[in-house]
Amino acid sequence: MSIRIEIESQPDERDQRLIDEGLDIFNFAKVGPDNPQDLWIMARDANGRLIGGLKGRSSYAWLFIDWLWVSSETRGRALV
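Okay, so let's go over this structure. Treat the numbers as computed from the prediction; the structure is a model and nothing was measured. Along every chain, residues carry numbers that run from 1 in the direction the sequence is written. Local features in this predicted model are restricted to residues whose pLDDT is 70 or higher, and side-chain atom pairs enter the listing and the counts only when it is 80 or higher, whereas totals over whole chains, interfaces and linings include all residues. With hydrogens and water stripped out, all remaining heavy atoms of the structure feed into the side-chain values.

1. Overview of helix α1 (residues 13-31)
Counting along an α-helix, one turn takes 3.6 residues, and residues three or four places apart therefore face a common direction.
Okay, so step 1: In this text, helices come from DSSP runs of H or I with a minimum length of four residues, and strands from runs of E with a minimum of two, each type numbered from the N-terminal end. How far a helix is expected to stretch is found by multiplying one less than its residue total by 1.5 Å. Under the 1.5 Å per step criterion, the end-to-end length of α1 is 27 Å for 19 residues, consistent within 8% with the ideal 27 Å.
Okay, so step 2: For α1, the N-terminal capping position is held by Asp-12, with its side-chain oxygen 2.7 Å away from the main-chain nitrogen of Arg-14.
Okay, so step 3: At the C-terminal side of α1, Gly-32 shows a positive phi close to 90°. Pairs of N or O atoms are called polar contacts if they sit within 3.5 Å, as long as, within protein, a hydrogen donor faces a hydrogen acceptor (for residues adjacent in sequence, only side-chain-to-side-chain pairs).

Following this line, the structure appears as structure tokens:
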């Protein structure tokens, strides 16, 4: 069998769906439903001012972090 590997920045919508659905079917068979949930976790100071935050999601009981922000005056300090 000859296999060709291609890098595509905008694959065909049908190909995207085939990969997405194929992975969902495989994962469900191995570990069950993914129970996805978007998460926004906020860190606030004593006055309620936002000093940091995380945007992520949970799936299969794992946390996937998309991005994390900590205000410049808070960076390097311990959270207590």
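And the narrative resumes.
2. Focus on the side chain of Thr-74
Okay, so step 1: With respect to the element layout, Thr-74 can be found in the segment after β3 (62-70).
Okay, so step 2: The classification of residues rests on relative accessible area computed with a 1.4 Å probe and restricted to protein chains. Under 20% of the type maximum is buried, over 50% is exposed, and intermediate values are partly exposed. A relative accessible area of 9% places Thr-74 in the buried class.
Okay, so step 3: In this structure the side chain of Thr-74 is engaged in a polar contact, spanning 2.6 Å, whose partner is the side chain of Ser-71.

3. Notes on the sheet that holds β3
Okay, so step 1: For two strands to be treated as a pair, DSSP must find no fewer than two bridges joining them. An order of β1-β2-β3 is seen for the three strands of this open sheet, with the pairing classed as antiparallel. The sheet is open, and its two edges are formed by β1 (37-44) and β3, each paired on a single side. Recorded for the sheet is a direction-independent mean angle of 20° between the axes of neighbouring strands.
Okay, so step 2: As defined by bridge partners, strand β2 (residues 50-59) adjoins β3 across eight bridges and the pair is classed as antiparallel. Across the sheet, the residue bridging to Leu-54 is Leu-68, located in β3. To get an axis, a line is fitted to the C-alpha atoms, and for a helix only the part in contact is used. The angle between two axes follows their N-to-C directions and goes from 0 to 180 degrees.

4. Topic: unusual backbone geometry
Okay, so step 1: Even without glycine at this site, Asn-35 takes up a positive phi of about 50°.
Okay, so step 2: Within the element layout of this structure, Asn-35 appears in the loop between α1 and β1.
Okay, so step 3: Given a relative accessible area of 59%, Asn-35 falls into the exposed group.
Okay, so step 4: Despite not being glycine, Tyr-60 shows a phi value in the positive range, around 55°.
Okay, so step 5: When you line up the elements, Tyr-60 lands in the loop between β2 and β3.
Okay, so step 6: Among the residues examined, Tyr-60 registers a relative accessible area of 25% and is labelled partly exposed.

Interpretation note: all reported values are geometric properties and have no functional meaning in isolation.
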